[in-house]
Amino acid sequence: MTDWIEVCALDEVPAGGARRLHAGGTVIALIRPDSERVYALEDRCPHKGGPLSEGLVAGDRVACPLHGQCVELATGAVIAPDEGRVRSFGLRVDAGRIWLRRADLAAAPQPAPACAHGA
Amino acid sequence: MKSQTRPRLVVVGNGMAGMRTVEELLKIAPQRYEITVFGAEPHPNYNRILLSPVLAGETRFEQIVLNERAWYDEHGIGLHTGRAVTAIRRGARIVEAAGGIEAPYDRLLLATGSVPALPTVPGVGLPGVLTYRDIADTQAMIDAAAPQRKAVVIGGGLLGLEAANGLRERGMDVSVVHLMPWLMERQLDQAAAALLQKSLEARGLRFLLQTQTLELVANAGGRVGAVRVKSAADPDAEPTRIEAELVVIAIGIRPHTALAERAGLHCQRGIVVTDTLQTVTDPRIYAVGECVNHRGTAYGLVAPLFEQARVCATHLAESGIGRFQGAVVTTRLKVTGVDVYSIGAFQGGSEADEITLADPTRGVYKKLVLDGDRLAGACLVGDTEHASWYGKLVKDKTPVGALRETLIFGENSIGDSGHAGANRAATLDDAAEVCGCNGVCKGAIVRTIRERKLLTLDDVRKHTKASGSCGSCTGLVEQILIATAGGNYAPTPQARPLCACTERTHAEVRQAIREHKLLTAADVRARLAWRTPAGCASCRPAINYYLISTWPGEARDEPLSRFVNERAHANIQKDGTFSVVPRIWGGVTSAAELRRIADVVDKYRIPEVKVTGGQRIDLLGVRKEDLPGVWRDLDMPSGHAYGKALRTVKTCVGSEWCRFGTQDSTRMGIELERALWKMWAPHKVKLAVSGCPRNCAESGIKDVGVIGVDSGWELHVAGNGGIKTEVAQFLVKVRTHEEVIEYASAFLQLYREEGHYLERTVHYVARVGLDHVKQRVVDDAAGRRALAQRLAYALSLEADPWHEPGKAAVDARQFIPLVVEA
């Protein structure tokens, strides 16, 4: 299982909500729109860097808490008419645990947002 | 990738209404249909409204195309231009078009538009006689127009005047022949029309009113050479002859129903449709636009047609719960430099109450028609600056009794901030900032409207962000849109839906929650047939508020439906950190509290400490992980500075210390704050108490402002110090502290029960009227006490989220980030 990193139990992310995850230098928003689905996006809105993990989650999207830009959870695409894309990370759920794809994290040389202080 | 199994939608008519329907349909159900469009004209869809600026030489054809051919390809739409549909075989569900083309359909949309009405006089068919309807007509007029030559326009309505102006701009000598006693008689009253006529005469147009056309006379070459006319007012008048090398007939339009009639669809001055835009004859066939008769009206203006398009699209997408219920019609004349606007029942009548302002020297005429305390219609010439505002008042049925004195002068622009008092779009240069919130200048708005071919305020807002935040520049943005695109094509629906997930209004959602005792957001969405199972970022907080304010103690607060600030109980800042504002009752603190605050600042290395405008202390730059510790160590109640909730009660020093004070405003303020804190509301709520009419606590711009006078307290409500400074209105004068609390509680509970989510008290009171508030809070003593008791009950169940997180349903996990080694 070295291709995947174990993160936490699925239930540690509230259904209809999100949690912030520090993974090395990368800050990730784990977003769980309902009990079935969970996604991992970089915790940084392409507009002004707002933390998506603090956004309002509704259906297939999350609204950035700073200026309301909406991001599609499945693809990381910013919903029109706004533009941009948020990096997304491979994620799977196995036996009630969340796992992230190691390769996606390795290719993540992003500086941490100002407010995040490292793990 | 095309699927064989998709149903086929055939659209007859490639004009604005038909294509708008297709665009709306693609937005909500992009893959549902295999779409084929037939257009009789050889062009892609263009903006017919802008033909007049083309005729006047102000813009070019290429600039008014709405959907290029590439757009049809991109969306996989089969386009047949220059192919008029000749027959509909309803049994076989096939349309036949010119050139032998056949197209089978599962759903058919008729958008055949209208045809020019023609007078029954000899000579209508002569060469040189044109109508004014499409690109071909416009091009023919441009080709025929030559300086010094004579033109006659028959018809002094909107279209006739625009044609006449366009020909005049091209140097022609133009006379307008009009049968009625004044111009644009369906849109203007006589006084307004007289002013309009004067300003058009000043541009060189000539008018023959109350004049009947008898005959169009050919010249020696067989082309039209003159028009014979006769006064309609005087039966004994002799016919006269006007020379004309070009005649434009613009006496009106009639729905183009020939095809529908041949197909056996019920037509009566238009194809008769239901509120869902379905023909009454054949449920597979829909119709929109000028060809339609809806409840006896055939609309010829674009805003209601776009509304039809929107509703029709939802039904074609089979998600339809919308209905078209008719529209208030607005008219604008598109003659550059001549401002004319009318809306609603502007004609008035013997029963109606009218306010008029006439300044003939300036060329300004305004008439407002009132029905009780509502604005029923308006007619403006020469000064249409406030047209959008009047339009909104008519459509929203806003009570205007309190505004009556100043209504005629337009929306009061005093205190409008963020765009430097600029309020006339035409005079602004491109670099002028229009939207102060988002830093959008006029040039950027104009460019975006042109490039993206935007037609509605909503679209402009989406693409430019202008007027999308505080909204104070909405009127200005709308004017820029009108100047650039020829109109704001979207009508403000009379009752605006709560959000894009539903057709229901705020009031309807609220009513359903109360009547059916709905206790969860999921129940609300299910009962009201929400389009999205989980709602959106707009409706989730609204529904949550309606539930907990309607059923306190029974409906459960859902923190995940709240904006981050109300979930984290602190204010998110631009860098993702938070600010913390502890409650300082009435602004009175102590050495011990200040010492604790100082210690917290040191311990958590909080970068900035600021005194707020509400007499409190703001700790800025707190990391989310530190919030629980900061709250615990402060050991002060939550200030709710982050919520749609009671914020502060600002006080002046009052009679305890002040040599002018007549009342103990500090104690009054603290009592009010203790009675009302933890109160959630549709929007934030701020109070102030001043000890004398000098009003040092600024009670005049608060949601509830209390002012001490020698004999007691005055209560003022619905003030606002925000985007638009609004002075609070006097509600009542009372004697005791207990009465202040009872009246203030009752007013705020009424607002909690009736206000729309995100509506400040100033807008709530403007919507329902101060008289309504007085009746419920001042006149009805038993009702007042009941309101105050309902608020007290709701507040008795609330907990301080900083110190009772369990009871306040604060999810503690949010303060602990997850960590993995990567």
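Residues numbered from 1 in each chain as written. Chains lettered and ligands numbered in written order. Predicted model: local features only at pLDDT ≥ 70, side-chain atom pairs only at ≥ 80, totals over all residues.

### Quick notes on the overall build of chain B
For chain B, the helix and strand inventory stands at 24 helices and 37 strands. For a compact globule of 822 residues, the expected C-alpha radius of gyration is about 28 Å, and chain B comes in at 32 Å, within 12% of that figure. For chain B, the spread of C-alpha atoms along the principal axes amounts to about 105 × 65 × 50 Å. Put simply, chain B has 822 residues, and 48% of those count as buried. Look at the contacts in chain B between residues 6 or more apart in sequence, and 62% of them connect residues 24 or more apart. (Helix = DSSP H or I, 4+ residues; strand = E, 2+ residues; numbered from the N terminus. Rg over C-alpha atoms; globule rule 2.2 N^0.38 Å. Buried ≥ 20, exposed ≤ 12 C-beta atoms within 10 Å, placed from the backbone. Contact = placed C-beta atoms within 7 Å.)

### Some remarks on the sheet that holds strand E8 (residues 88–89) of chain A
Read from one edge to the other, the open sheet built from five strands follows the order E8(A)-E4(A)-E3(A)-E2(A)-E37(B), with strand pairing classed as mixed. Since the sheet does not close on itself, it has two edges, and those belong to E8 of chain A together with strand E37 (818–820) of chain B, each with one partner. Two elements, strand E3 (residues 26–32) of chain A and strand E4 (residues 39–42) of chain A, share four bridges in a ladder whose sense is antiparallel. The residue of E4 of chain A that forms the bridge with Ile-28 of chain A is Glu-42 of chain A. (Pairing = 2+ DSSP bridges.)

### Some details on the environment of Ile-154 of chain B
Residue and element names in this part refer to chain B. On the secondary structure map, Ile-154 appears in strand E10 (residues 150–154). Residue classification places Ile-154 among the buried positions, given that 29 C-beta atoms sit within 10 Å. If we skip the residues at most four places from it in the chain, Ile-154 touches Pro-119, Val-177, Thr-213, Val-247, Ile-249, Ala-250 and Ile-251.

### A look at the pairing of strand E31 (residues 617–622) of chain B
Residues and elements named next belong to chain B. Direction of pairing for strand E29 (residues 578–580) relative to E31: antiparallel, over a ladder of three bridges. Paired with Val-580 across the bridge in E31 is Leu-619. Bridge analysis of strand E30 (residues 608–611) against E31 gives four bridges, and the strand direction is antiparallel. By the bridge assignment, Glu-608 is partnered in E31 with Leu-620. Adjacent in sequence and paired antiparallel, E30 and E31 are bridged by five residues, among which Gln-615 carries a positive phi angle near 60°.

### A short note on the domain arrangement of chain B
Residue and element names in this part refer to chain B. By the assigned domains, chain B splits into domain 1 (8–114 + 255–316), domain 2 (129–251), domain 3 (339–407), domain 4 (425–485), domain 5 (506–562) and domain 6 (646–799). Each of domain 1 and domain 2 has a C-alpha centre, and these two points are 31 Å apart. Each side of the interface is counted separately: domain 1 has 10 residues, and domain 2 has 11 residues. Here the residues of the side of domain 1 that touches domain 2 are counted per class, giving six nonpolar, three polar and one charged. (Domains from an automatic or database assignment. Nonpolar A, V, L, I, M, F, W, Y, C, P; charged D, E, K, R; others polar.)

### Here's the deal with the interface of chain B and chain A
In this assembly, 26 residues from chain B lie in contact with 33 residues from chain A. Of all the secondary-structure elements, those providing two or more residues to the side of chain B that touches chain A are helix H12 (457–464) and E37 of chain B. For the side of chain B that touches chain A, the element with the highest residue contribution is E37 of chain B, accounting for three residues. A breakdown of the residues in the side of chain B that touches chain A according to their chemical character gives 13 nonpolar, five polar and eight charged. Two elements, strand E2 (residues 17–23) of chain A and E37 of chain B, share three bridges in a ladder whose sense is parallel. Each bridged residue has a counterpart across the sheet, and for Ala-23 of chain A the counterpart in E37 of chain B is Val-820 of chain B.

### Some points on the sheet that holds E30 of chain B
Here four strands make up an open sheet; going across it, the order is E28-E29-E31-E30 (chain B) and the pairing antiparallel. Of all strands in the sheet, those bounded by a partner on one side alone are strand E28 (571–572) and E30 of chain B.

### Some points on the nonpolar core
Leu-30 and Ile-31 of chain A together with Leu-672, Leu-715, Val-740, Phe-747 and Leu-748 of chain B are the most contacted members of the largest nonpolar core, which has 124 residues in total. Sorting elements by how many residues they give to this core places helix H21 (residues 737–754) of chain B first, with nine residues. What Leu-672 of chain B contacts, discounting residues up to four positions off in sequence, is Val-649, Leu-687, Val-689, Val-740, Ile-741 and Ala-744 of chain B. Counting residues in hydrophobic clusters, the runner-up holds 71 residues, among them Tyr-299, Ile-445, Val-446 and Cys-473 of chain B. (Core = buried A, V, L, I, M, F, W, Y, C linked by C-beta atoms within 7 Å.)

### Looking at the confidence of the model for chain B
For chain B, per-residue confidence averages 91 on the pLDDT scale, and residues scoring 70 or more make up 96% of the total. Reported confidence for the predicted complex is 0.89 by ipTM and 0.74 by pTM. (pLDDT = per-residue confidence, 0-100.)

### Here's the deal with helix H16 (residues 539–550) of chain B
Over its 12 residues, H16 of chain B runs 16 Å from end to end, which matches the ideal 16 Å to within 8%, given 1.5 Å per residue. Most of H16 of chain B sits out of view: 10 of its 12 residues are buried. Regarding H16 of chain B, the residues found buried are Cys-539, Arg-540, Ala-542, Ile-543, Asn-544, Tyr-545, Tyr-546, Leu-547, Ile-548 and Ser-549 of chain B. Contacts from the buried residues of H16 of chain B go to strand E5 (56–58) of chain A together with helix H14 (506–515), helix H15 (521–527) and H21 of chain B. (Expected span 1.5 Å × (residues − 1).)

### What to know about the confidence of the model for chain A
When pLDDT is low, close inspection of the predicted coordinates is not appropriate. All names here are of chain A. When pLDDT is averaged along chain A, the result is 87, and 88% of the positions lie at 70 or above. When pLDDT is averaged over each element of chain A, E4 comes out on top at 97 and helix H1 (residues 102–106) at the bottom at 86. For the stretch residues 110–119, pLDDT sits under 50, and the model shows 20 contacts to residues farther than four places along the chain or on other chains.

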